[in-house]
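# Residue-level structure breakdown
Residue-level listing of the chains:
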Amino acid sequence: MLCTGGFWEDVVNVLERSGIDSRRVYVSGGTALAMYLSTQGQRLAWSAQDTDLFIERDARGVAADMSSLLAAAPPAWCVSEVKGRIRAVLPNAPSVDFCFPVAGHGSIEEWVGSFDISVCKVYFCLAMWRAPEYTFVDTAREDIAARRMRVAPVLVEMMRTGIAVVPDRYVNKKMARVYKYMKRGFTAVADDMYSSAMDPDQNADWESSSDDAIVIAATLMRSK
């Protein structure tokens with residue numbers, strides 16, 4: 001599913017009703033990557049299934065932002081809250097993860113800098129969705145151009161040795177993401193900088209039933 005103009009307008013309207021200025025909201029990850037690639041003349045065979053929106057803190061605080069956003073969500077949205085995030089499942093549109101600052105990730109640069117795949121380290125301000133100005137963190141711009149993604153060395157080693165599955169849901173989840181981006185045309189390369197992404201204490205990943213489905217699919221792919 002694509003993020004159309006109507007989708008962005010709906011999201012901005014809900015944020016405005018909640019008192020959250022779209023100028024402190026940032027689109028990141030796979031959605032920002034897909035939109036950037038489209039500006040480079042690439043016709044993609046894939047689209048992001050969910051959209052990560054990072055909401056920077058202001059004077060009223062995270063708790064007030066989250067409660068106001070939950071109250072402003074339309075009845076048609078199925079919303080849930082966990083680990084400093086609000087996930088909204090929208091009818092006939094990509095789902096949205098509203099991500100709020102956590103310890104160590106207080107700014108958009110810190111948040112995106114913690115991502116586990118280099119080509120996902122791109123973002124833009126939601127207020128500029130009609131004509132985004134993209135910001136790239138670390139090696140994201142050159143990695144996107146080279147169609148390579150830097151990931152934790154342990155994941156590349158798992159692929160090299162043909163390990164089908166390990167008794168660790170978190171590791172399998174990371175492998176699932178690597179395989180997803182391989183299917184999107186990126187080659188995985190090992191980079192020690194991404195080793196910290198394998199520590200669940202350093203990464204407040206969203207837990208959902210869709211994550212389980214991704215892990216199962218990746219496990220089946222590796223066992224073939």
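Residues numbered from 1 in each chain as written. Predicted model: local features only at pLDDT ≥ 70, side-chain atom pairs only at ≥ 80, totals over all residues. Heavy atoms only, no water.

### Comments concerning the packing of aromatic side chains
Filter applied, for reference: Here is the rule: rings of Phe, Tyr and Trp (six-membered ring for Trp) pair when centre to centre is within 6.5 Å. Planes less than 30 degrees apart are stacked, more than 60 are edge-to-face, and the remainder are tilted.
For the structure on display, the rule yields 10 aromatic pairs. Taken together, the aromatic side chains of F7, W8, Y36, F124, Y134 and F136 make up a single cluster linked through ring pairs.

### Describing the packing of helix α6 (residues 153-161) against helix α7 (residues 169-183)
The relative placement of two packed helices comes down to the angle between their axes together with the axis-to-axis distance. Under the convention used in this document: Note on geometry: axes are C-alpha line fits, over the in-contact stretch for helices, and angles between N-to-C directions span 0 to 180 degrees. Under the DSSP-based scheme used, a helix requires at least four consecutive residues in state H or I and a strand at least two consecutive residues in state E, with every element numbered from the N terminus. To sort the angles, those under 35 degrees are grouped as roughly parallel, those over 145 as roughly antiparallel, those from 65 to 115 as roughly perpendicular, and the leftovers as oblique. Note on definitions: a residue-residue contact is assigned when non-hydrogen atoms from the two residues lie within 4.5 Å. Side-chain classes follow a simple rule in which Ala, Val, Leu, Ile, Met, Phe, Trp, Tyr, Cys and Pro form the nonpolar group, Asp, Glu, Lys and Arg form the charged group, and the remainder, Gly included, forms the polar group.
Running from amino to carboxyl end, α6 crosses α7 at an angle of 75°, the nearest separation of the two axes being 10 Å. One finds that α6 runs roughly perpendicular with respect to α7. Counting all contacts with α6, which are made through L155, M158 and M159, the residues of α7 involved are V171, K174, M175, V178, Y179 and M182. Its residues assigned to classes, the contact of α6 with α7 comprises 8 nonpolar, no polar and 1 charged.

### Describing the sheet that holds strand β2 (residues 50-55)
Spelled out, the test is: Pairing between strands is defined by DSSP: at least two bridges between the two strands are required.
Pairing is mixed in the open sheet, where 7 strands are placed in the order β3-β4-β5-β2-β1-β6-β7. Whereas interior strands pair on both sides, the edge strands pair on one side only; in this sheet they are β3 (78-82) and β7 (135-136). Alignment of strand β1 (residues 25-28) against strand β6 (residues 122-125), held across 3 bridges, turns out to be antiparallel. When the bridges of β6 are listed, Y26 appears paired with C125. Across the face of the sheet, helix α1 (residues 5-17) comes into contact with β1, β2 and β5 (95-99) while running at roughly 35° to β2.

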